Amino acid sequence: MKKLFVESEQLREITKKYPTPFHLYDEKGIRENARRLKEAFSWNKGFKEYFAVKATPNPTILRILMEEGCGVDCSSLTELMMADAVGFRGNEIMFSSNMTPKEDFLLARELDATINLDDITQIDYLQNIAGLPETVSCRYNPGGTFIINNAIMDTPAEAKYGFTMAQLKEGFQILQEKGVKHFGLHAFLVSNTTDNEYYPLLAQILFETVVELNRETGSHIAFINLSGGIGIPYRPGEQAADIYTIGQGVHKAFKEVLIPAGMGDVDIYAELGRYMLGPYGCLVTTAIQEKHIYKEYIGLDACAANLMRPAMYRAYHHITVMGRENEPCDHKYDITGGLCENNDKFAIDRMLPKIDMGDLVVIHDTGAHGFAMGYNYNGKLRSAEVLLKEDGTTELIRRAETPSDYFATFDFSGIF
Ligand SMILES: *Cc1c(COP(=O)(O)O)cnc(C)c1O
């Protein structure tokens, strides 16, 4: 059984105030989870989580995370602007981008963000646009396949990101000659893994890499950025990652590799997105139509434009029919949105209780990469975002789009 953070009666009340569909976020869950992460890495004095803004780009969410001691990881101009507006400054902002437009680097430098270069050619590029800061981070791509316990987790050799090892050595040397004093190393090798060994193994690779870089180039390593990738259990019964085990595993690698090398002052950073927000958001919808043809369909007032993951990756998102939690799952449905695209299905052949029109149908785990991946295909409008606060009250933290938002980029003056 997967439990939602909101009860049926409470949600009915909330939907009297905010029409469906909307994404609902759980402030209490977000804060408690952020505190657990901080505690799991408290052995490292400089530990900092830079929340990946792209996962949930909402200023209210970012402010909550700021209050819990997090920074932000930005990858574009508008994400930097949002971080600035919320009040993040200097080393509270990580800028991990790739194929970076000039104006993005300009603003990153203006905000004194820590810049994580994606490629060796970005050294000259950044220097010419905005000058080099004292501290520079580089993203590492070890190539090959990434294996944990004989299982292929991903294929870095096929990924567009990062420097090769040879480029790191050359890059660190060039950066030092250009006056850079402190260095960071970053890598993101596996996405959405609940395997407790991912972070420790990645840490070990990065620790060994910086020991070698330090030995060969004499550069001062200030931090290691383990980036994102820790996953969440989308399916019922799936084992969640244990952040304390993960923290201990990274600590063990730290003691085995960095301490003996005399590099015990290195700070550990993370750029988690999904792990920070995924379980603490859900998409609240209403069943608006049923079809009985070759299959049984339930149509919702939300569609893939509000949550793209099932259509894009065939990702599983658990579904609860509110008020029917204890009824038998004896109906097989395709749960769909209204896009003119047959992949607009939140679930296929899902066993659920009988659904009546008007029932609240809640899609779990949409707190990260949910609203954020939304789009306007078929002229569908983006939904509202609502925060369920710690005291049980709610706050509208983003209003729903209206047709005038959709038309705002046209000039209709000569027509109407
Ligand atoms: C997307 C992204 C993250 C966050 O990834 P999650 O899978 O949400 O943890 C962190 N760092 C970078 C550079 C990213 O692109």
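As a reminder, the structure under discussion sits directly above these lines.
First things first, this report covers the structure right here in the doc. (Residues numbered from 1 in each chain as written. Predicted model: local features only at pLDDT ≥ 70, side-chain atom pairs only at ≥ 80, totals over all residues. Heavy atoms only, no water.)

With respect to the site of the ligand
Consideration 1: Looking at the ligand, there are 14 residues lining it, with Lys 54, Gly 229, Glu 271, Arg 274 and His 369 nearest.
Consideration 2: One of the side-chain nitrogen or oxygen atoms of His 369 is found 2.7 Å away from an oxygen atom of the ligand.
Consideration 3: If the ligand stood free it would expose 390 Å²; the protein chains cover 91% of that surface.
Consideration 4: Looking at side-chain class alone, the shell around the ligand contains three nonpolar, six polar and five charged residues. (Near = heavy atom within 4 Å. Polar contact = N/O pair within 3.5 Å; in protein donor to acceptor, adjacent residues only side chain to side chain. Areas by Shrake-Rupley, 256 points an atom, 1.4 Å probe, with all protein chains shown as cover. Nonpolar A, V, L, I, M, F, W, Y, C, P; charged D, E, K, R; others polar.)

Points about the side chain of Arg 139
Consideration 1: Within the fold, Arg 139 resides in strand β6 (residues 135-139).
Consideration 2: Among buried charged residues, Arg 139 stands out as having no salt bridge; its nearest opposite-charge side chain is Asp 118, 4.3 Å away.
Consideration 3: Excluding residues that lie within four positions of it along the chain, Arg 139 makes contacts with Asn 116, Leu 117, Asp 118, Tyr 161, Gly 162, Phe 163, Leu 168, His 186 and Phe 188. (Helix = DSSP H or I, 4+ residues; strand = E, 2+ residues; numbered from the N terminus. Buried < 20%, exposed > 50% of the residue type's maximum accessible area, 1.4 Å probe, protein only. Lys, Arg positive; Asp, Glu negative; His and termini not counted. Salt bridge = Lys/Arg side-chain N within 4 Å of Asp/Glu carboxyl O. Contact = heavy atoms within 4.5 Å.)

Description of the pairing of strand β10 (residues 220-225)
Consideration 1: In terms of burial, β10 is largely enclosed, as five of its six residues are buried.
Consideration 2: Taken together, the five bridges between strand β9 (residues 182-186) and β10 define a ladder with parallel strand orientation. Counterpart to Phe 183 in the pairing with β10 is Ile 221.
Consideration 3: In terms of handedness, the path from β9 via helix α8 (residues 198-217) over to β10 forms a crossover that is right-handed. (Pairing = 2+ DSSP bridges. Right-handed = clockwise from strand over helix to strand, strands pointing away.)

Description of helix α9 (residues 243-258)
Consideration 1: The terminal C-alpha atoms of α9, which comprises 16 residues, lie 21 Å apart, in line with the 22 Å expected from a rise of 1.5 Å per residue.
Consideration 2: Along α9, the residues classified as buried are Ile 243, Ile 246, Gly 247, Gly 249, Val 250, Ala 253, Phe 254, Val 257 and Leu 258. In a view along the axis of α9, the buried residues occupy a sector of 160 degrees, so they form one face of it. Within α9, the exposed residues directed more than 90 degrees away from the buried face are Gln 248 and Lys 252.
Consideration 3: The elements touched by buried residues of α9 are α2 (27-40), α8, β11 (267-270) and α10 (274-277).
Consideration 4: Near the N-terminus of α9, the side chain that reaches the backbone nitrogen of Tyr 244, with its oxygen 3.0 Å away, is that of Asp 242. (Expected span 1.5 Å × (residues − 1). Arc of directions from axis to C-beta.)

Such coordinate-based values are descriptive only and should not be taken to indicate function.
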